[in-house]
Every structure is written in structure tokens, then in C-alpha cells.
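Chain by chain, the residues:
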Amino acid sequence: MDSTQPNNTSLNLINIVWLIAIVLLLVFGGLLIGTFTPTIFPAQASSESRQIDTLFRFLLSVGGMVFLLTQGVLFYSIFRFRVRRGDTSDGPNVHGNALLEFIWTLVPTILVTVIAIYSYQIWVTIQAPKENEQVVQVRGARYAWTFEYYDEANDISFNSPVLHVYSGRPVRMEMNTEDVIHSFWVPAMRIKQDLLPGRTTTVRFTPLEAGEYRVVCTELCGGGHGQMYASIIVHEDEAAYLDWYNEQLEVVLNPPEDPVEAGRALLANNVYPCSGCHILDDLGWQGVTGPTLNGIGERAATRVPGLTAEEYLHQSIRNSAAYLVPGYGNLMPIFQNEDESAPYYMEDESLNAIVQYLLTQTS
Ligand code: CUA
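Here's a quick rundown of the structure. (Residues numbered from 1 in each chain as written. Predicted model: local features only at pLDDT ≥ 70, side-chain atom pairs only at ≥ 80, totals over all residues. Heavy atoms only, no water.)

Let us now look at the overall build of the protein. For the protein, the count of helices and strands is 8 helices and 12 strands. For 363 residues, the compact-globule formula gives about 21 Å, and the C-alpha radius of gyration of the protein, at 31 Å, lies well above that figure. Seen through its C-alpha atoms, the protein measures out along the principal axes to roughly 105 × 50 × 35 Å. Looking at the protein as a whole, 33% of its 363 residues are labelled buried. Across the protein, the fraction of contacts at a sequence separation of at least 24, relative to all contacts at a separation of at least 6, is 63%. Carbon and sulfur atoms form 60% of the exposed surface of the protein, whose accessible area is close to 21,600 Å². (Helix = DSSP H or I, 4+ residues; strand = E, 2+ residues; numbered from the N terminus. Rg over C-alpha atoms; globule rule 2.2 N^0.38 Å. Buried < 20%, exposed > 50% of the residue type's maximum accessible area, 1.4 Å probe, protein only. Contact = heavy atoms within 4.5 Å. Areas by Shrake-Rupley, 256 points an atom, 1.4 Å probe, with all protein chains shown as cover.)

Further remarks concern the pairing of strand S6 (residues 182–186). Of all 5 residues making up S6, 4 are buried, and the element is well covered by its neighbours. Direction of pairing for S6 relative to strand S7 (residues 191–195): antiparallel, over a ladder of 5 bridges. Looking at the pairing, Trp185 lines up with Lys192 of S7. Relative to strand S9 (residues 211–217), S6 is paired through 2 bridges, and the arrangement is antiparallel. Note that in S9 the partner of Trp185 across the bridge is Val216. (Pairing = 2+ DSSP bridges.)

With that out of the way, let us pick up the sheet that holds strand S2 (residues 144–151). An order of S3-S2-S1-S5-S8 is seen for the 5 strands of this open sheet, with the pairing classed as mixed. Of all the strands in the sheet, the pair left with one neighbour each is strand S3 (156–160) and strand S8 (201–205). Strand-to-strand twist across the sheet, computed as the mean angle between neighbouring axes with direction ignored, equals 30 degrees. In this structure, S2 lies alongside S3, joined through 5 bridges in antiparallel fashion. (Axes fitted to C-alpha atoms, helices over the stretch in contact; angles between N-to-C directions.)

We now examine the environment of Gln71. Topologically, Gln71 is positioned in helix H2 (residues 47–80). Its relative accessible area of 29% is what places Gln71 among the partly exposed residues. Considering only alpha carbons, one finds Gln71 and Gly211, 140 residues apart in sequence, at a separation of 42 Å.

For the rest of this paragraph, the subject is H2. The end-to-end C-alpha distance of H2, which contains 34 residues, comes to 49 Å, matching closely the 50 Å that a straight helix rising 1.5 Å per residue would cover. All of the buried residues along H2 are Glu48, Ser49, Asp53, Leu55, Ser61, Val62 and Gly64. (Expected span 1.5 Å × (residues − 1).)

Below, the discussion takes up the pattern of salt bridges. On inspection of all chains with the given rule, the structure shows 9 salt bridges. For Glu133, the salt bridge identified is with Arg204, shortest N-O distance 2.5 Å. Taken together, the residues span a long stretch of sequence, with Glu133 in the loop between helix H3 (98–127) and strand S1 (134–141) and Arg204 in strand S8 at a distance of 71 residues. Of the two residues examined, Glu133 and Arg204, each falls in the buried class. (Salt bridge = Lys/Arg side-chain N within 4 Å of Asp/Glu carboxyl O.)

It is worth spelling out helix H8 (residues 348–359) at this point. Over its 12 residues, H8 runs 16 Å from end to end, which matches the ideal 16 Å to within 8%, given 1.5 Å per residue. Along H8, the residues classified as buried are Ser350, Leu351, Ala353, Ile354, Val355, Tyr357 and Leu358. Of the surrounding secondary structure, the elements contacted by the buried residues of H8 are helix H5 (259–268), strand S11 (279–280), helix H6 (296–303) and helix H7 (309–318).

With that settled, consider the packing of H5 against H8. When two helices pack together, their arrangement is given by the angle between the helix axes and the distance between those axes. The interhelical angle for the contact between H5 and H8, taken along N-to-C directions, is 100 degrees, at an axis separation of 7 Å. As summarised for this structure, H5 and H8 are arranged roughly perpendicular, according to the angle between their axes. Contacts between H5 and H8 involve Pro259, Val260, Ala262, Gly263, Arg264, Leu266 and Leu267 on the former and, on the latter, Ser350, Ala353, Ile354, Gln356, Tyr357 and Leu358. Residue classes in the contact of H5 with H8 are distributed as 9 nonpolar, 3 polar and 1 charged. (Parallel < 35°, antiparallel > 145°, perpendicular 65-115°, else oblique. Nonpolar A, V, L, I, M, F, W, Y, C, P; charged D, E, K, R; others polar.)

Another aspect to go through is the sheet that holds S9. Two strands in a sheet stick together by hydrogen bonds in their backbones, pointing the same way (parallel) or opposite ways (antiparallel). Here we have 5 strands laid out as an open sheet, ordered S4-S10-S9-S6-S7, and mixed in their pairing. Both outer strands of the open sheet, strand S4 (163–166) and S7, are each paired with one neighbouring strand and no more. Between one strand and the next, the sheet's axes are offset by a mean angle of 25 degrees, whatever the strand orientation. Seen against the sheet, helix H4 (residues 238–253) touches S4 and strand S10 (229–235) and runs at an angle of roughly 150 degrees to S4.

Next up, the structure:
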């Protein structure tokens, strides 16, 4: 044993100084981790993102302190208590320490309780209905997102492949899926919610920063899952949003008479989820699970002997399994014209317009 051991009072003083220094180091280190790690996060574009990030910073700081404490004790023990050369004896037999056990039970209990109350409050705030909410219907289908806007004045709805909202107005998304589970995730807004077959799920957010952000599907939903994303455009103010809105409304109120134009509008607005699976340069589609539609107007007549280009395109949409383009599986939904309330309903008029438009797609 050490023969130059100082007397008890000065030992206690040194211990207390050490203890304070270690606690300060842990707190400071934890705050440092909690403060600087979130700088790699996406933009904070909604009020929810600020609340979520504050909670995350808090969790990260607490986690950082625990990490530094456990790793600090680990490394201290490795160096301080490692076996000396020639020492073959057993270590001391420790029978437990009531005070230490009390502390390491009490501290995590307090921490977990504080975290539970704090995060529950944030969750409740985010879920709470807001005043003057803008409601947007969301439809997920393999592998595209469609956003539906309802115009009360005209009692009419229109679709958009891009979600348009504006800064400062709370949004409520009412979400349905036509097939499997998808998950609506907007990293910049820090919101994420599953779409479940057979029920409507809701998610709320209040955009605060104008700009364009990404909507991602974050539930594995099939071969095109990686392509299932959309954009969200947050307009500066209501006036800028209404410019877009009225333009869209105008098209629905006065639909183009030319079937080619009408068909193009149906596809461009994601009324049917075709964009998620096909390539079509004219509309900027980049899906890969289905065959390309570039130049389909030329190929359609040559696909199936006995079918004209028009008949072939009709068949491909109403009963895609009847002929599969070599290299592609039977993945396309059947677009039916019998039950309007069932998924993948497509009326004859829409089908004809889409076929007329596709026939114009030559290379
Ligand atoms: Cu939809 Cu993944």
C-alpha cells in the first residue's frame, strides 16, 4: 500500500474537486455532442421540425453524458486496475454497494420519466388539430404519390403529383393507400406516418420555410419502392399558393377538349399512379419497374399480332397480364371500369384520352 497517504480531510477535498471536475466534463461533453451533431440534419422547414430537434438535442445530450461516463469508467478501469506483471492472485471479492446501486437505479428512473413526459407533450402538440387547417388527401399506390385538393366553392377535386402548401398555414394530410402499406416521410418537416390498407391515417405539420423538399416512401412496398418519392413545394405566402391553385382549378373546371391534351393532363397530374413505374421523357417520369413509354406510339402496333396500336394500349391498361413486355414481370394493376369505389378505377373516357395521348409518343 501507499505509505505517503495524505490525511482524511485533504483526501476528501481532493475527491470532491475531482468529482466536480468529472461531472462538469460529462455535462459539457454531453452538451457538445447534443449541440453539434444535429448540424448534419436536413433543413428545419416546419414548426414540428424545431420541436422534434429540440427533443432530439436533449436526448442526444443525455445520451452523450451517459456515453462519456460509461466509456470514461471503462478506460479508467482498464488502465488503473489492470493486472500487474507477476500478479497471479484473484481480484478483491466485492459484495455490492447499496448506495451505488441506489444511485444507478434512481438516476435512470428520473431520466426515463423526464424523457417520457417531455416527448409525450411534443407528440400531443404535433397531433393536436390546429386552427385554419388546410386539408390535403394523399393517395399512395405502388409507386407514386398523388395529392388531392378539394375545392369547396366548386365542389370539385383535382390531383397533383407535387404537394403544394404555403408558409405559416397548418396542413392536415388525410392518407389512404390503394394497395400495400406505404409510409409518408418528409425529412425536412420531421414527420412520418404509415398509410394502412382499409383505413385513413392523418399527419399534421406547419411549413415555415419556403422551398422545395422531398417526400419519401419509407416502408418497403415492392420493386419500385426506391423510386417512390415526390416533391413538396412550400410557397412564400397565400398569394403565391393561390396562383398555382387557381391555375390547377381552371384546368379541371374547363378540361381540355382535345383527348390528347386531356390524356396528358390525367397522366401529368398522377390521377393514376403510372409515373412511379414507367419512363416517359415528355412528363419527366423515371420509374424502372415497368417498360419505358418513350416511343410507345410507334411500338404499340407491333406488339401483339392482330391488335392495332389502340387495341393493344387498351388491353395493356385494362388487362396488363394479357401480354407482358419481355423482361418485365406481371406487376401492373388492372385498371377496371366497373366499381368506382374500388382501387384502380378508370372510366372509359379517361382510358381513351390516355391512349390517344400515348399514341402521340413517338421517338
Ligand atoms: Cu411505397 Cu415504399
